[in-house]
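The residues making up each chain are set out below.
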Amino acid sequence: MDGVGEPLVSRMQGFGTTIFAEMSALAASTGSINLGQGFPDTDGPPAMLDAAVAAIRSGGNQYPPGPGVPELRAAVAAQRLERYGLEYDPAAEVFVTVGATEGVAASVLALAGPGDEVIVFEPYYDSYAATIALAGAERRAVTLRPSGGRFTFDPDELRAAVGPRTRLILVNSPHNPAGTVFTRAELEAIAAVCREHDLVAVTDEVYEYLTFDGAEHIPLATLDGMRERTVSVSSAGKTFSVTGWKTGWVTAPAAHIRAVQTVKQFVTYAVSAPYQRAAAYALRNELAWVEDLRASLEGKRDRLITGLEAAGFETFRPQGTYFVQADIRPLGFTDGMELARALPGKAGVVAVPTQVFYDDAEAGAHFVRFAFCKKDDVIDEAVERLRHLG
Ligand code: PMP
Ligand code: GLN
């Protein structure tokens, strides 16, 4: 500590290094197959990549407008309207962020503060907890539990989590890592709580296109009385297989966008201009490519599940995202963190221990998450290695 004391501000102590960084570093240092951090091992649509190059080559390399380049804001508004029937004014109700991560962070920082409570569904995406802590707010977790082969919540538990200090509810559907796509009935239960207690919902919809078996992604903002109280977040990373582009967007009523902008402008000011132009191109022109991606991921999901089941895991068939939750107990293990750290040595494969996404450690202790956004032969090799685990 060099005699200077802990430099990290107290509200961020305990967050350490993200599990994704830890597990990807472990994969690299052991030469393991990385089914941990969720990123595809193939590229996005070629014409979209060309659009990014063209944007750089044509001189679009200086600061773009803080709220985003007009063509991306217009493309996002058109996408929300065409796909979901949601109308947003591109000039006042669409806002571009550095990925969905910044979209969620700026929204939470803008809308919750010290003394406020924020409801999350656990297992929750790790940045939510850190962002709520940064805001000085407190999180209240509602646990998604297995029921009928999928993870869901008890509406009574949700209602019980709301108190006089609750300000926000964070809703991720399709849900990482549980794979749940909330049904209309589940969303209605959330919406009812929001309306009754005057809460704002921040929705993380980064997997909006990646749903399987006909499961339909329903934006919370489409439910009665919700457009006016929902801040919706999405991004290009998962939809177009460009997780490194970090280009996302927020759609919300103008007052909420102004709040988000007030925070975001002092964090990053603006978002990389060429990627915004390429994302605009992709939203308008590459949705057929996305449908092919979705269909291929459905096959990869089944491929991975078949292999994991053969290796002895109990799996939960996700209706969306590109992750499978696997119960490790049938193999004789009980602690997912311990297993995830040992897995490279045991099998040359990396997974993510889901317990780090829970406040209720008991509920998540025995799950690990595997990503299937990988080439078929990579999935096959991983499950072959895992067959010798039990
Ligand atoms: N939310 C969820 C649920 C995610 O899985 C991820 C990872 N893509 C993100 C947000 C981050 O998205 P982005 O890379 O656009 O910041
Ligand atoms: N969203 C990716 C996942 O869930 C990881 C993103 C990150 O590394 N922060 O695996």
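Keep in mind it's a predicted model, so treat the numbers as computed, not measured. (Residues numbered from 1 in each chain as written. Chains lettered and ligands numbered in written order. Predicted model: local features only at pLDDT ≥ 70, side-chain atom pairs only at ≥ 80, totals over all residues. Heavy atoms only, no water.)

Chemist: Sorry, what's going on with the site of ligand 2 here?
Modeler: Residues in contact with ligand 2, as listed here, are Phe 20, Gln 37, Gly 38, Tyr 125, Asn 176, Tyr 207, Lys 238, Phe 323 and Arg 369. Note that a nitrogen atom of ligand 2 is positioned 3.3 Å from one of the side-chain N or O atoms of Tyr 125. Take Lys 238: an N or O atom from its side chain is 3.2 Å from a nitrogen atom of ligand 2. A total of 300 Å² of accessible area belongs to ligand 2 in isolation, and the protein chains cover 78% of it. Taken atom by atom, the bulk of ligand 2 overlaps the second largest pocket. When its residues are assigned to classes, the shell around ligand 2 shows four nonpolar, three polar and two charged. (Near = heavy atom within 4 Å. Polar contact = N/O pair within 3.5 Å; in protein donor to acceptor, adjacent residues only side chain to side chain. Areas by Shrake-Rupley, 256 points an atom, 1.4 Å probe, with all protein chains shown as cover. 1 Å grid on protein atoms, 1.4 Å probe; cavity = no way out; pocket = protein on both sides within 12 Å on 5 of 7 lines; lining within 4 Å. Sits in = over half its atoms within 2 Å of the grid points. Nonpolar A, V, L, I, M, F, W, Y, C, P; charged D, E, K, R; others polar.)

Chemist: Could you clarify how one ought to interpret the nonpolar core in this entry?
Modeler: Across soluble globular proteins, nonpolar side chains have a tendency to be buried as a group. Ranked by size, the top nonpolar core spans 88 residues in total, and within it Leu 72, Leu 170, Leu 304, Phe 313, Phe 370 and Leu 386 carry the most contacts. Here the element with the most residues in this core is helix α11 (residues 287–311); it accounts for seven residues. Every residue in contact with Leu 304, bar those within four places of it in the chain, is listed here: Leu 35, Val 324, Phe 370, Ala 371, Phe 372, Ile 379 and Val 383. Counting residues in each nonpolar core, the second largest holds 29 residues, with Val 162, Leu 187, Ala 189 and Cys 194 among its members. (Core = buried A, V, L, I, M, F, W, Y, C linked by side-chain atoms within 4.5 Å. Buried < 20%, exposed > 50% of the residue type's maximum accessible area, 1.4 Å probe, protein only. Helix = DSSP H or I, 4+ residues; strand = E, 2+ residues; numbered from the N terminus. Contact = heavy atoms within 4.5 Å.)

Chemist: Got a minute to help me understand the sheet that holds strand β11 (residues 314–316) in this structure?
Modeler: The pairing of strands in a sheet comes from backbone hydrogen bonds and takes either a parallel or an antiparallel form. What the four strands build is an open sheet, ordered β11-β12-β15-β14; its pairing is antiparallel. Strand pairing shows two members of the sheet lacking a second neighbour, β11 and β14 (352–353), which therefore form its edges. As judged from the two bridges shared by β14 and strand β15 (residues 367–371), these two strands associate in the antiparallel manner. Opposite Pro 353, over in β15, you have Val 368 as the bridge partner. (Pairing = 2+ DSSP bridges.)

Chemist: Help me understand the site of ligand 1, please; the structure alone is not making it clear to me.
Modeler: Taken together, the neighbourhood of ligand 1 is formed by Gly 99, Ala 100, Thr 101, Tyr 125, Asn 172, Asn 176, Asp 204, Val 206, Tyr 207, Ser 235, Lys 238 and Lys 246. Between ligand 1 and Thr 101 there is a distance of 2.5 Å, counted from an oxygen atom to a side-chain nitrogen or oxygen. For ligand 1, the accessible surface in isolation is 400 Å², of which the surrounding protein chains cover 93%. When each cavity is represented as a set of grid points, ligand 1 is found to reside in the second largest pocket. For the shell around ligand 1, the element with the most residues is helix α4 (residues 99–111), which contributes three residues. The class makeup of the residues in the shell around ligand 1 is four nonpolar, five polar and three charged.

Chemist: I tried to follow the side chain of Thr 211 on my own but got confused; where do I start?
Modeler: Note that Thr 211 resides in the loop between β8 (200–204) and β9 (230–235). A polar contact of 2.9 Å, which involves the side chain of Thr 211, links it to the backbone oxygen of Ala 215. Discounting chain neighbours no more than four positions away, the residues touching Thr 211 are Pro 174, Val 181, His 217, Arg 294, Glu 298, Gln 319 and Gly 320.

Chemist: In this structure, what is going on with empty space enclosed by the protein? I would like to understand it.
Modeler: With a probe scaled to a water molecule rolled over the atoms, the places where space remains empty come into view. Evaluation of the coordinates by the stated rule reveals two cavities of 30 Å³ or more. The volume enclosed by the largest cavity comes to roughly 40 Å³. What lines the largest cavity is simply Val 171, Ser 173, Leu 187, Thr 203, Asp 204, Glu 205, His 217, Ile 218, Pro 219 and Leu 220. When its residues are assigned to classes, the lining of the largest cavity shows five nonpolar, three polar and two charged. Its boundaries defined by the atoms lining it, the second largest cavity holds a volume of some 30 Å³. Considering the residues around the second largest cavity, the lining is formed by Gly 149, Arg 150, Phe 151, Ala 178, Gly 179, Thr 180, Phe 316, Arg 317, Pro 318 and Gln 319. In the lining of the second largest cavity, the residues fall into four nonpolar, four polar and two charged. (Points joined across faces, edges and corners; volume = space filled by probe spheres on them.)

Chemist: What's the story with the sheet that holds strand β3 (residues 117–122) in this structure? I'm lost.
Modeler: Spatial ordering of the open sheet is given by β2-β10-β9-β8-β7-β3-β4, a layout of seven strands whose pairing is mixed. Edge positions in the open sheet fall to β2 (94–97) and β4 (138–143), since each of these has one partner strand only. Taken over all neighbouring pairs, the strand axes of this sheet differ in orientation by 20 degrees on average, direction set aside. In the sheet, β2 pairs with strand β10 (residues 248–251) via four bridges, with the strands oriented antiparallel. (Axes fitted to C-alpha atoms, helices over the stretch in contact; angles between N-to-C directions.)

Chemist: Before we go on, may I ask you to explain helix α7 (residues 184–197) in this structure?
Modeler: Three- or four-residue spacings in an α-helix give side chains the same orientation, since the helix completes a turn every 3.6 residues. The end-to-end C-alpha separation of α7 is 20 Å, in line with the 20 Å expected for 14 residues at 1.5 Å each. Those residues of α7 that sit buried are Glu 186, Leu 187, Ala 189, Ile 190, Ala 191, Val 193 and Cys 194. Lining the buried residues of α7 we find β3, β6 (150–152), α6 (155–161), β7 (166–172) and β8. Once α7 finishes, Asp 198 follows within two positions and takes phi at roughly 55 degrees, a positive value. (Expected span 1.5 Å × (residues − 1).)

Chemist: Whenever I open this one, the layout of surface pockets confuses me. Can you help?
Modeler: A volume near 540 Å³ is recorded for the largest pocket. Surrounding the largest pocket, 24 residues form its lining, Phe 15, Thr 17, Thr 18, Asp 126 and Ala 130 being those nearest its centre. Only α1 (19–30), α4, α5 (126–134) and α12 (336–347) provide two or more residues apiece to the lining of the largest pocket. Looking at the lining of the largest pocket, the element that brings in the most residues is α5, giving five residues. Taken together, 24 residues form the lining of the second largest pocket, with Gly 38, Thr 101, Tyr 125, Lys 238 and Lys 246 sitting closest to its centre. By residue number, the principal contributor to the lining of the second largest pocket is α4, which donates three residues.

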